[in-house]
Amino acid sequence: MSTATVFEIALAAVVLGLAIWTIAVPDTYSATVGFVAYGLLVALIWVRLDAVDVALTEAAIGGGLGGVMLLGAAARLRGSEVATAGRCSLTVRLSAAILSASTAAMLAFAILLLPNPPPTLAPAAVSNAGATGMANPVTNVLMAFRGMDTMLEKVVLLLAIVGVWSLAADRNWGGRQGPRHEADPKGVLAFLARLLPPAGIVVGIYMLWTGADHPGGAFQGGAVLASMWLLVIMAGLADTPPVSSPRLRLVLVAGPACFWPSASVDFASERRSSPTRLQSLNL
């Protein structure tokens, strides 16, 4: 057994144990710290699988942005955690455990059903590199074959934002005079919000720029930039943009609109290549 195999087995055992501990621990803060550590270890697993693009995204969102937001929520809920402890019955916990185990089993079964070798767009991405001018096969696939998928992802994000805005009144989403100093101006969060954004902006732009030829890209760079922006807002150094801002709404709608031309080309190509399949889908 090689050293790499031993490391991978140990890493898998640590990730599985940390996941179980994160679910079972009763303290919200401890569970949040466990979730952040879990996200960083999963990013390491993606590196071992040679999926550096996915690893960057997992580290930025799971270990960075998601961790900061969960820590902020845990700090606000700490006062009410004792009052709400014990409300979850054994039946609810058992049902949640059964649902989680069933989902994991179905995912494992779906993975085992994949053909060997699995279908891939890697050969097409390599052959199409000259047309797109991008050496990174992942970015090449996204730009040449995933226009419709990317547009639908942007639509889902837009609908999610509208749904979140609908949960509270407009006055709770910005528009006040001056920033909200909810966090301690001399605390650790405010210190990090002043220290990290300049470096984070440079890293995000670099990841976007280098994604054409190396691991990185728009999604990873955008996740880093968004995390820096949210960190500044959570620290109280800037206010959330008002919902009524026409410029904000225009930017949100511009996301799906940017991918509409490429999505139309993808749809037309798919329709020419497999008309029978589209008719079966009632398209």
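Here's what I pulled together on the structure shown here. (Residues numbered from 1 in each chain as written. Predicted model: local features only at pLDDT ≥ 70, side-chain atom pairs only at ≥ 80, totals over all residues. Heavy atoms only, no water.)

1. Quick word on the pattern of salt bridges
Scanning the entire structure with this criterion turns up one salt bridge. Among the salt bridges present, the one from Glu8 reaches Arg48, with a minimum N-O distance of 2.8 Å. Here Glu8, found in helix H1 (residues 3–24), pairs with Arg48, found in helix H2 (residues 28–48); they are 40 residues apart in sequence, far enough to count as distant. Exposure remark for Glu8: the relative accessible area of 36% places this residue in the partly exposed category. When its relative accessible area of 37% is taken as the criterion, Arg48 is described as partly exposed. (Salt bridge = Lys/Arg side-chain N within 4 Å of Asp/Glu carboxyl O. Helix = DSSP H or I, 4+ residues; strand = E, 2+ residues; numbered from the N terminus. Buried < 20%, exposed > 50% of the residue type's maximum accessible area, 1.4 Å probe, protein only.)

2. A closer look at the packing of H1 against H2
For the pair H1 and H2, interaxial distance at closest approach is 9 Å and the crossing angle is 155°. The angle between the axes of H1 and H2 places the two elements in the roughly antiparallel class. Where H1 crosses over H2, the two elements pack in a sense that is left-handed. Residues Ala4, Phe7, Glu8, Leu11, Val14, Val15, Leu18, Ala19, Trp21 and Thr22 of H1 form the contact with H2, whose participating residues are Ser30, Ala31, Gly34, Phe35, Ala37, Tyr38, Leu41, Val42, Leu44, Ile45 and Arg48. Considered class by class, the residues forming the contact of H1 with H2 number 16 nonpolar, three polar and two charged. (Axes fitted to C-alpha atoms, helices over the stretch in contact; angles between N-to-C directions. Parallel < 35°, antiparallel > 145°, perpendicular 65-115°, else oblique. Left-handed = near helix turned anticlockwise from the far one by under 90°. Contact = heavy atoms within 4.5 Å. Nonpolar A, V, L, I, M, F, W, Y, C, P; charged D, E, K, R; others polar.)

3. Topic: a nonpolar patch on the surface
A surface patch of nonpolar side chains, about 460 Å² in accessible area, is lined by Val188, Phe191, Leu192, Leu195 and Leu196. Assignment of secondary structure puts Leu192 in helix H9 (residues 188–210). (Patch = residues over 30% accessible without salt bridge, like charges linked within 9 Å, V, L, I, M, F, W, Y side chains within 5 Å. Areas by Shrake-Rupley, 256 points an atom, 1.4 Å probe, with all protein chains shown as cover.)

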